[in-house]
Amino acid sequence: MIGATGGIGAALAEALDAEGAEVSRLGRRTTPALDLLDEASIAAAAAAIGPGLHLVIDATGFLHDVRFSPEKSLRQIDPAHMAHSFAINATGPALLMKHFLPLLAREERAVFATLSARVGSIADNRIGGWTSYRAAKAALNQIMRNVSIELARTHRAAICVALHPGTVATPLSGPFAKAGLEVQTPAQSAARLLAVIAALTPSQTGGFFDHKGEAIPF
């Protein structure tokens with residue numbers, strides 16, 4: 001579990017624990033430490049985990065912090081904000097795929113799932129805004145799709161997907177929850193995501209799905 005100290009990541013790890021799975025938790029404050037901004041730490045963490053993995057979930061992501069908030073208009077685009085969003089939401093996950101996908105079990109069903117967001121769908125964008133986050137998640141979706149094609153050549157039973165967890169009561173999305181939206185607890189979100197993952201087949205590799213298992217257009 002990558003991003004295991006975050007709201008959704010921790011809930012996913014706990015849910016897998018409850019199922020009796022052997023769970024390795026990775027993040028900036030774990031041992032080994034994994035920092036998306038440091039490829040050497042990603043490579044070292046992957047080496048420490050080793051091959052034969054059946055499930056890898058990337059539950060990392062960046063939407064806002066004390067420096068940056070989602071843009072409401074073109075005037076608010078900031079190159080430092082955009083660069084940081086891409087580093088965490090696109091480049092970091094790409095490096096996770098680089099180092100962890102080769103560790104997936106080759107002859108058995110294995111899944112790599114990365115948490116994306118519906119707002120990363122270009123086809124579904126009807127209100128604009130949130131330029132850096134939208135663009136970085138769209139890039140993540142393309143990276144995932146591209147990598148899934150390469151993965152299928154060596155791991156025929158493997159599945160590589162992007163998942164939209166919905167709106168979850170975590171520090172990442174909490175400040176932006178709107179009236180009328182279904183807000184899930186981390187535990188509810190984890191249960192739904194794991195149910196979606198359990199139902200996936202290799203024919204769905206490269207897909208983008210929501211927490212109910214419904215396909216989202218790219």
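Report on the accompanying structure. (Residues numbered from 1 in each chain as written. Predicted model: local features only at pLDDT ≥ 70, side-chain atom pairs only at ≥ 80, totals over all residues. Heavy atoms only, no water.)

Describing the packing of aromatic side chains
Argument step 1. Applying the stated criterion to the full structure yields two aromatic pairs.
Argument step 2. Here the aromatic rings of Trp130 and Tyr133 are separated by 6.0 Å at their centres, their planes lie at 70 degrees, and the arrangement is edge-to-face.
Argument step 3. Since its relative accessible area comes to 25%, Trp130 is described here as partly exposed.
Argument step 4. Tyr133 gets classed as buried once you look at its relative accessible area, which sits at 10%. (Phe/Tyr/Trp six-rings, centres within 6.5 Å; stacked < 30°, edge-to-face > 60°. Buried < 20%, exposed > 50% of the residue type's maximum accessible area, 1.4 Å probe, protein only.)

Things to note about helix H4 (residues 131-154)
Argument step 1. Taking 1.5 Å per residue, 24 residues should reach 34 Å; H4 reaches 35 Å between its end C-alpha atoms and fits that length.
Argument step 2. What H4 keeps buried is the set Ser132, Tyr133, Arg134, Ala136, Lys137, Leu140, Asn141, Met144, Ser148 and Leu151.
Argument step 3. The inward-facing, buried residues of H4 abut helix H3 (79-100), strand E2 (110-115), strand E3 (158-164) and strand E6 (208-210). (Helix = DSSP H or I, 4+ residues; strand = E, 2+ residues; numbered from the N terminus. Expected span 1.5 Å × (residues − 1). Contact = heavy atoms within 4.5 Å.)

Some thoughts on the packing of H3 against H4
Argument step 1. Where H3 meets H4, the closest approach of the two axes is 8 Å, and the angle between their N-to-C directions is 15 degrees. Considering their axes alone, H3 and H4 lie roughly parallel with respect to each other. Relative to H4, the crossing made by H3 is right-handed. In this structure, H3 contributes His81, Met82, Ser85, Phe86, Asn89, Ala90, Pro93, Ala94 and Met97 to the contact, and H4 contributes Thr131, Ser132, Tyr133, Ala135, Ala136, Lys137, Ala139, Leu140, Ile143, Met144 and Val147. (Axes fitted to C-alpha atoms, helices over the stretch in contact; angles between N-to-C directions. Parallel < 35°, antiparallel > 145°, perpendicular 65-115°, else oblique. Left-handed = near helix turned anticlockwise from the far one by under 90°.)

A word on the layout of surface pockets
It is a probe the size of a water molecule, rolled over the atoms, that shows where empty space is left.
Argument step 1. In this structure, the second largest pocket occupies an estimated 450 Å³ of space.
Argument step 2. Together, 18 residues line the second largest pocket, and Glu22, Val23, Ser24, Leu53 and Leu55 are the ones closest to its centre.
Argument step 3. Per element, the largest residue contribution to the lining of the second largest pocket is three residues, and it comes from strand E1 (residues 55-58).
Argument step 4. Among the residues making up the lining of the second largest pocket, the classes are represented as twelve nonpolar, four polar and two charged. (1 Å grid on protein atoms, 1.4 Å probe; cavity = no way out; pocket = protein on both sides within 12 Å on 5 of 7 lines; lining within 4 Å. Points joined across faces, edges and corners; volume = space filled by probe spheres on them. Nonpolar A, V, L, I, M, F, W, Y, C, P; charged D, E, K, R; others polar.)

Considering the nonpolar core
One broad trend across soluble globular proteins is that nonpolar side chains are buried collectively.
Argument step 1. In terms of nonpolar packing, the biggest core is built from 29 residues, with Ile2, Leu34, Ile42, Leu96, Phe100, Leu104 and Phe112 touching the most fellow members.
Argument step 2. When contributions to this core are tallied by element, the ones reaching two or more residues are helix H2 (39-49), H3, E2, H4 and E3.
Argument step 3. The dominant element in this core, judged by the number of residues it contributes, is H3, at five residues.
Argument step 4. Among all residues touching Phe100, those that are not within four sequence positions of it are Ile2, Leu26, Leu34, Ile42, Ala45, Ala46, Ile49, Leu53 and Phe112.
Argument step 5. Listed in part, the 24 residues of the second largest apolar core include Ala4, Leu12, Ile57 and Leu163. (Core = buried A, V, L, I, M, F, W, Y, C linked by side-chain atoms within 4.5 Å.)

Comments concerning the pairing of E3
Argument step 1. A large share of E3 lies buried, amounting to seven of its seven residues.
Argument step 2. Residues Ala158, Cys160, Ala162 and His164 point to one face of E3 and Ile159, Val161 and Leu163 to the other, with burial holding for every one of them.
Argument step 3. Each parallel crossover has a hand, and for E2 linked through H4 to E3 it is right-handed.
Argument step 4. Here E3 runs beside E6; their pairing, made up of three bridges, is parallel. (Right-handed = clockwise from strand over helix to strand, strands pointing away. Pairing = 2+ DSSP bridges.)

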